[in-house]
Amino acid sequence: SSGLKERLQELMPAQQEALKNFKKEHGSKIVDKVTIDQLVGGARSIKCMLWETSLLDPLEGIRFRGYTIPELQKKLPNYSGKPGDEPMPEGLFWLLLTGEIPTKAQVDSLTADLHSRAKLPAHVEPMIRGFPKGMHPMTQLSSAILALQTESVFASEYAKGTSKTKYWEHTYEDMLNLLARLPEVCALIYRCTYFDGKVAPYDSSLDYSGNFCKMLGHDDPAFMELMRLYIVIHSDHEGGNASAHTCHLVGSTLSDPYLSLSACMNALAGPLHGLANQEVLGWLLGLQAQLKEQGKDVTPETITEFAWETLKAGKVIPGYGHAVLRKTDPRYTSQREFALKHLPHDPLFKLVNTVYEVMPGVLTEHGKTKNPYPNVDSHSGVLLKYYGFHHYDFYTVLFGIGRAYGVLAQLFWDRALGLPLERPKSVTSEWLNNFIKNN
Ligand code: AMX
């Protein structure tokens, strides 16, 4: 064992006690009010959920258990041991769960634990191989996670009548088994969708990300580094985003982690959320193709023209804007820095940079979006494409692996803290009209 479970078992009683006492003492204090705009407008920014693993500041961006992305890059163990290399997702997972920065030895033993759990149940591979051509990779991923649910420890223990005080333990087993099995599931989807279906053998001498890349068919160590960064920065973005919230909501019914994560992936598959990263690359390639056809150069002026065409066609600029953020996403910045280090002369990276120079101005002039700056999805495709990973309708699957790390860590605490069924109140338009009449 990696010692992670034992550490969590040590940490839990104090956390449970603290929350219980805090509720008892402060339970009736008011933390927020709700306007009609918010009620109609997607509950934007209403504080109504407990989420321990990360917190998002509109200006500064995300902190994972209090640490910014540059801090994680310095403090979390990396694969090579060389300063400046990217943090390993296994270390981030330890941090998200415990709030503590793990040692390299702890991370390595967690990696080994994940490897030992990776074998897929026999029915999943033939199912993926049998999916119809053209089924979106996110649909395949969500379905495959559901198919893995036959192995849920939580579901089988619940059926046997397990005690509430054991939910955390069954959730722990499920979340590790699930994370461990995602690389092969995703590699199968990738190789079957775009290639001959052959998947490289599992290599437990590598870390999680290294083995995953190898199974995808990408052996370049620089691509493995990118994957480490990619999984880390996509893991968690506090609780209110659609994918995280979905996992938390479905889990609150005591649906097991497989059912909850599959639902989470369906939310991530929407174009306003995780699918935006595939849309971004499509938009950039469309821009390149149109300018080539018209014999024009890529300049701030021609990009501006293309952006206005998109907006006038009633479409959004993918990769720009955010429901919470009001500045450039630090997840964008970290990928930009990766590009500056590894691919400074890549033409598509240069294009992304020029788009970054002009787009905030265009969107400000357009005057609708509250945030004219780029989000995480604006940059990821360019990096992946540079390493020959150009099947962009697969990109959200990679986002999904990252997101699984964050939402499962929180799901563990949902059950460990005994958080209840989530059930906000809805009202009708008639109710609202009566409310206005009477107030
Ligand atoms: N291009 C054009 N218009 C935009 C825009 C963009 N990038 N971002 C927002 N707007 C528009 C909205 O569509 C809305 O228009 P409406 O009043 O006609 O409906 C108006 O600006 C106000 O929106 P907002 O309050 O600023 O944003 P929001 O909280 O409603 O939505 C988001 C946030 C991300 C869905 C939106 O900015 C968007 O559609 N961006 C493009 C898609 C994208 O990149 N999504 C990925 C986000 C990150 C992630 O989840 N992975």
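Just so you know, these numbers come straight off a predicted model, no measurement behind them.

The next point concerns the confidence of the model for the protein. Taken residue by residue, the protein gives an average pLDDT of 97. The fraction at 70 or more is 100%. Taken together, the chains of this predicted complex give a pTM of 0.97 and an interface ipTM of 0.98.

If you check the shell around the ligand, you find 21 residues, and the closest are Ala276, Gly321, Ala323, Lys368 and Thr369. Partitioning the shell around the ligand into residue classes produces nine nonpolar, nine polar and three charged.

Our next topic: the UniProt feature "active site" (unreviewed entry) in the protein. Per the UniProt annotation, the sites labelled "active site" (unreviewed entry) are His273, His322 and Asp377. With the annotated positions falling across 105 residues, the maximum pairwise C-alpha distance of 10.7 Å places them together in a single cluster. Tracing the chain through its elements places His273 in the loop between helix H13 (257-268) and helix H14 (276-293). Excluding residues that lie within four positions of it along the chain, His273 makes contacts with Ala242, Ser243, Ala267 and Leu268. On the secondary structure map, His322 appears in the loop between helix H15 (300-312) and helix H16 (330-342). The exposure class of His322 is buried, given the 22 C-beta atoms found within 10 Å.

This paragraph deals with the nonpolar core. If you look at the biggest cluster of nonpolar residues, it comprises 108 residues, and the most contacted ones within it are Ile189, Leu261, Leu408 and Phe412. The contacts of Leu408, once residues within four sequence positions are left out, are Met175, Leu178, Leu179, Pro257 and Leu261.

The subject of this paragraph is the pairing of strand E1 (residues 54-57). One face of the sheet, then the other: side chains in a regular strand alternate in exactly this way. On E1, burial follows the alternation: Ser54 and Leu56 on one face are buried, whereas Leu55 and Asp57 on the facing-out side are not. Taking the residues that link successive antiparallel strands as the turn, the E1-strand E2 (residues 61-64) hairpin has three residues.

Counting through the fold element by element, Lys20 comes out in helix H1 (residues 4-26). Here Lys20 falls in the exposed class, since 12 other C-beta atoms lie within 10 Å of it. C-alpha separation for the pair Lys20 and Leu417, spaced 397 residues apart in sequence, amounts to 9.0 Å.

Excluding glycine, most residues fall at negative phi; most peptide bonds, likewise, are trans. With a phi angle near 55°, Ala43 is a residue other than glycine that sits in the positive phi range. Relative to the elements of secondary structure, Ala43 occurs in the loop between helix H2 (36-40) and E1. The residue Leu254 is not glycine, and still its phi comes out positive at about 70°. Of note, Leu254 is situated in the loop between helix H12 (242-251) and H13.

In this section: helix H17 (residues 347-366). Given 3.6 residues per helical turn, the α-helix brings residues three or four places apart onto the same face. The end-to-end C-alpha distance of H17 is 28 Å, a good match for the 28 Å that 20 residues give at a rise of 1.5 Å each. Taken as a whole, H17 carries its principal kink of about 35° at Val358; the proline Pro360 stands between one and four residues after it. Restricting attention to buried positions, one finds in H17 the residues Phe349, Val352, Val355, Met359, Val362 and Leu363. Check the buried side of H17 and you find it contacts H14, H15, H16 and helix H18 (377-386). The positive-phi residue at the C-terminal boundary of H17 is Gly367, with phi of around 80°.

A word on the environment of Thr253. Mapped onto the elements, Thr253 comes out in the loop between H12 and H13. When the 11 C-beta atoms within 10 Å are taken as the criterion, Thr253 is described as exposed. Residues Thr253 and Pro318, 65 residues apart in the sequence, show an inter-C-alpha distance of 34 Å.

Rules used throughout
- Residues numbered from 1 in each chain as written.
- Predicted model: local features only at pLDDT ≥ 70, side-chain atom pairs only at ≥ 80, totals over all residues.
- pLDDT = per-residue confidence, 0-100.
- Near = placed C-beta within 6 Å.
- Nonpolar A, V, L, I, M, F, W, Y, C, P; charged D, E, K, R; others polar.
- UniProt positions renumbered as here; feature names shortened; annotations may be inferred.
- Helix = DSSP H or I, 4+ residues; strand = E, 2+ residues; numbered from the N terminus.
- Contact = placed C-beta atoms within 7 Å.
- Buried ≥ 20, exposed ≤ 12 C-beta atoms within 10 Å, placed from the backbone.
- Core = buried A, V, L, I, M, F, W, Y, C linked by C-beta atoms within 7 Å.
- Pairing = 2+ DSSP bridges.
- Expected span 1.5 Å × (residues − 1).
- Bend = angle between axes of the 7 residues up to and from the residue.

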